[in-house]
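Architecture and fold: a report
Residue-level listing of the chains:
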Amino acid sequence: MTKTAGDISSFRLRHSFVIRHSSLVIHSAFHSIANRFAALLMKVLFGCVARVHVVGRENASQTGGFLLAANHISHFDPFIISSVAGRKIDWMAMAEFFRFPMLGFLLRAVDAFPADRDRADRKTIRTAIERLKGGRVIGLFPEGGIRDGARSLLEGAPLRPGASTLAHIARIPILPCVILGSDRLYSKKRWLPLRRTPIWIAFGNPIPHFSKLEKSEERARVEHELSAAFQNLYSELQHRFRLTTDDLPHPPRERVGVRRRVCAFKSRPAAARSPQSKITRLRATAIDSLMCASMNLLQSRHHLHARSRHEMENYVTVCEKLTAENFYAVPNNVEIAAPVDTRLSATITWPSPINTNFPANNTARADFFPCARGWRAPTVLMLHALMSASHIGYRRYAARFNELGWNACFVHLPYHYSRVPRGYWNGELAITADLIRNAEGLRQGVIEARQLMATLRERGCEEFGVLGTSYGGWIGALLAMVERDFRFVALMAPIVNVEHAIWKSPAARFMRRELRRANIDPSLVARHFHLSSPMHNQPLCDAGRVLFVSGEFDLIARPEDVEEVHGKWRGSELLRVPQGHFGYRMMRETIARLKERGL
């Protein structure tokens, strides 16, 4: 019997419905299991190391959707609050965390979702409202970060407007929550068996929405009620449990026992350094290890083919005849960056001088942020890290450079941001087992930066600065080998020891497996170091303008490697920062040091 077109169409619809329904069931089951496991883990963990006293627990068990707003004194807060609340809480987390594949996967598994701390994101607002109207609980920290003392809302500091805005749009109540004592868990002694650090949590009465008031009046009323609730709960916990000064919030640095460190320079001997904090090292090592695992996971998608050894031999044979200036020379017959205007910010795009197999990567791009001084002002080239989490932080620092009288260019390095081919993660293709593509990516980045500098020179710019991080620091070091017009070259955790990066780094375990499988050995790779390794070269610019910045607990750009290249680039300066390869402190201290040097 022949089926009609209608029968076929009906069958396809039913089949599609079954697939979608099955997918939803699997998705729901996965999140249910992940949340149950996470809840059990948190209860066991914090049940062993902490003794949590809860006031007003019944307020956190009410039905329906509501917004839980809490003060923020440590990174442990969301986990501890979730372990004692009577409802499942979907937390808003920093958007930067979701840029890392493994960490983002874990956060989404427990229904957390990204939120930008510096601007209102429509997608975040829409996600929060949909969940609130669906009867779920959304958790957020209206302070926008970890706060203590006068900066804390517990002491009367102003609230950010996000909580009142969400409550107004979703027409739901806000539940205030105050947590104290969790900041003491930064001290390693608090994790000793049977220590059980006391922690105090108070859930206040829900603050309803005031539908009869105008929008602005309602938001002001809610913010006033919320601020008062925080201070009242804070006072109630102090009186009920007779808390001492040590029980109240302190900066994480004080709890860890690390005093503010003085910048370490070449003249300071190793023996004079302040003692390294074991807890800081542990935290940095854990984060670096997690990120290395993520990189290896992504690299596992990239395998070498049988001819890789032969192709690598041909490539290095040609490159051995070249100098760095030859290798990174700007082609005469290639169109350089198009002229840019003088708006508050502008995008500069131009055809890359190097064509790759990925069309998206063949268009170079830089976001230009001019200062009030115009084109003749010096320009800083901001070169981001491999698989950089977000461009937002760089934009904020671009504004700071503008205030200091500098123009700023945020350069989209090969295979990153606007140049990511469809189906790949940001920066995934920049460093893989394909060493030829890696080398050509570095070459592409350096040549494009030189093109950009040439265009800006035509506009009257005579001096430049480089602010490079990790992969961007590597490209910045190579750029310093062929350009001299720099006021400063700041290289933060740069990849300077290419041999270690390939053959010993924990971030390249899968890469090494592929290289050995293809019979590509260290001696073959080393034949390219005169072009790609800062350790084997000297800068063309004045070495006294170079600032190396090293993370004391860095597993990827090892501090001993950065110190070695600092010694070889005689006259350069070395700044040591107590963090791993991944962290935000290094950027702040680098810019502070550049300001001290007068940029």
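Everything numeric in this text was worked out from a predicted model, so none of it was measured.

1. Regarding the overall build of the chain
When helices and strands are counted, the chain shows 19 helices and 15 strands. Among the 599 residues that make up the chain, the fraction classed as buried is 54%. Relative to all contacts within the chain whose residues are 6 or more apart in sequence, the contacts with residues 24 or more apart total 76%. Per element, the accessible surface of the chain, about 28,400 Å² overall, is 55% carbon and sulfur.

2. Re a positive patch on the surface
Together, Arg 108, Arg 122, Lys 123 and Arg 126 line one region of the surface with positive charge. Per element, the largest residue contribution to the positive patch is three residues, and it comes from helix H4 (residues 122–133). On the basis of relative accessibility, which here comes to 57%, the residue Lys 123 falls in the exposed class.

3. Structural notes on the packing of aromatic side chains
According to the stated counting rule, one finds 15 aromatic pairs in the structure shown. Relative to Trp 375, the ring of Phe 368 lies with its centre 5.0 Å away and its plane at 15 degrees, an arrangement referred to as stacked. Trp 375 gets classed as buried once you look at its relative accessible area, which sits at 15%. Ring centres 5.5 Å apart and planes at 65 degrees place the aromatic pair Phe 548 and Trp 569 in the edge-to-face group. Of this pair, Phe 548 sits in strand S14 (residues 546–551) while Trp 569 sits in the loop between helix H18 (559–568) and strand S15 (573–577), and the two are 21 residues apart along the sequence. Comparing Phe 548 with Trp 569, the two get one shared label, buried. Feature note: the residues Phe 76, Tyr 186 and Trp 191 constitute an aromatic cluster, connected by ring pairs. Note that Arg 221 overlies the ring of Phe 210, its terminal NZ or CZ placed 4.3 Å from the centroid. It is Arg 443 that lies over the ring of Phe 327; its NZ or CZ is 5.2 Å from the centre.

4. Here we look at helix H5 (residues 162–170)
Three or more residues of H5 are buried, namely Ala 163, Ser 164, Leu 166, Ala 167, His 168 and Ala 170. Considering only its buried residues, H5 is in contact with strand S2 (66–70), strand S3 (89–94), H4, strand S5 (137–140), strand S6 (174–180) and helix H6 (215–241). Residue Arg 171 follows H5 closely and has a positive phi angle near 60 degrees.

5. As for the environment of Leu 594
Within the fold, Leu 594 resides in helix H19 (residues 585–596). Residue Leu 594 is classed as buried on the basis of its relative accessible area, which comes to 1%. Distance in space between the C-alpha atoms of Leu 594 and Phe 488 is 8.1 Å, their sequence separation being 106 residues.

6. Thoughts on the sheet that holds strand S12 (residues 464–469)
Across the sheet, eight strands lie side by side as S8-S9-S11-S10-S12-S13-S14-S15; this open sheet has mixed pairing. With one partner strand each, in any of the chains shown, strand S8 (346–351) and S15 form the two edges of the open sheet. Each neighbouring strand pair of the sheet contributes to a mean axis angle of 20 degrees, computed without reference to strand direction. Where strand S10 (residues 379–383) lies against strand S11 (residues 407–412), five bridges are found, and the strand directions are parallel. The residue of S11 that forms the bridge with Thr 379 is Asn 407.

7. Observations regarding the packing of helix H9 (residues 308–319) against helix H12 (residues 435–458)
Running from N to C, H9 and H12 cross one another at 35 degrees; their axes reach a closest spacing of 10 Å. Taking contact as the criterion, the partners of Glu 311, Met 312 and Tyr 315 in H9 are, on H12, Leu 435, Ile 436, Ala 439 and Glu 440. Here the contact of H9 with H12 is composed, by residue class, of five nonpolar, no polar and two charged.

8. Overview of unusual backbone geometry
What is expected of a backbone is that most residues other than glycine have negative phi and most peptide bonds are trans. A positive phi is found at Tyr 417, a non-glycine position, where the angle reads about 55 degrees. A positive phi angle, near 55 degrees, is found at Ser 470, a position not held by glycine. Along the chain, Ser 470 turns up in the loop between S12 and helix H13 (471–480). On the accessibility criterion, Ser 470 (8% relative accessible area) is buried.

9. Points about the side chain of Asp 561
Counting through the fold element by element, Asp 561 comes out in helix H18. Residue classification places Asp 561 among the buried positions, given a relative accessible area of 5%. Not counting residues within four places of it along the chain, the set of residues in contact with Asp 561 comprises Val 496, Asn 497, His 500 and Met 535.

10. Here's the deal with the pairing of strand S9 (residues 363–369)
For S9, the buried fraction is high: five of the seven residues fall into the buried class. Taken together, the six bridges between S8 and S9 define a ladder with antiparallel strand orientation. The partner of Thr 347 across the bridge, within S9, is Asp 367. As paired strands, S9 and S11 are joined by five bridges and run antiparallel to one another.

11. A word on the pattern of salt bridges
This model, assessed by the stated rule, comprises 33 salt bridges. Among the ionic pairs, Glu 428 bridges to Arg 301, the shortest N-O distance being 2.8 Å. Of this pair, Glu 428 sits in the loop between S11 and H12 while Arg 301 sits in the loop between helix H8 (278–299) and H9; the two residues are 127 residues apart in sequence, bridging distant segments of the chain. Between Arg 309 and Glu 313 there is a salt bridge; the shortest N-O distance is 2.9 Å. Here Glu 313 and Arg 309 lie together in helix H9, a separation of four residues that amounts to about one turn. For Arg 309, a relative accessible area of 22% corresponds to the partly exposed category. A residue is classified by how much of its surface remains accessible, and Glu 313, at 28% relative accessible area, is partly exposed.

12. Structural notes on the nonpolar core
Counting 106 residues, the largest nonpolar core has Met 382, Leu 452, Leu 467, Tyr 471 and Ile 520 as its most contacted members. The leading source of residues in this core is H12, at eight residues. Apart from residues lying up to four places away in sequence, Met 382 is in contact with Tyr 394, Tyr 397, Ala 398, Ala 408, Cys 409, Phe 410, Val 411 and Leu 467. One finds Ala 170, Leu 226, Phe 230 and Leu 248 within the second-largest nonpolar core, a separate group that totals 35 residues.

13. Some details on the packing of helix H3 (residues 101–109) against H8
With their axes 7 Å apart at the nearest point, H3 and H8 run at an angle of 100 degrees to one another. The angle between the axes of H3 and H8 places the two elements in the roughly perpendicular class. Counting all contacts with H3, which are made through Pro 101, Met 102 and Leu 103, the residues of H8 involved are Leu 290, Ala 293, Ser 294, Leu 297 and Leu 298. Partitioning the contact of H3 with H8 into residue classes produces seven nonpolar, one polar and no charged.

Reading guide: rules and limits
- Residues numbered from 1 in each chain as written.
- Predicted model: local features only at pLDDT ≥ 70, side-chain atom pairs only at ≥ 80, totals over all residues.
- Heavy atoms only, no water.
- Helix = DSSP H or I, 4+ residues; strand = E, 2+ residues; numbered from the N terminus.
- Buried < 20%, exposed > 50% of the residue type's maximum accessible area, 1.4 Å probe, protein only.
- Contact = heavy atoms within 4.5 Å.
- Areas by Shrake-Rupley, 256 points an atom, 1.4 Å probe, with all protein chains shown as cover.
- Patch = residues over 30% accessible without salt bridge, like charges linked within 9 Å, V, L, I, M, F, W, Y side chains within 5 Å.
- Salt bridge = Lys/Arg side-chain N within 4 Å of Asp/Glu carboxyl O.
- Lys, Arg positive; Asp, Glu negative; His and termini not counted.
- Charge placed at Lys NZ, Arg CZ, Asp CG, Glu CD.
- Phe/Tyr/Trp six-rings, centres within 6.5 Å; stacked < 30°, edge-to-face > 60°.
- Lys NZ or Arg CZ within 6 Å of the ring centre and 35° of its normal.
- Pairing = 2+ DSSP bridges.
- Axes fitted to C-alpha atoms, helices over the stretch in contact; angles between N-to-C directions.
- Nonpolar A, V, L, I, M, F, W, Y, C, P; charged D, E, K, R; others polar.
- Core = buried A, V, L, I, M, F, W, Y, C linked by side-chain atoms within 4.5 Å.
- Parallel < 35°, antiparallel > 145°, perpendicular 65-115°, else oblique.

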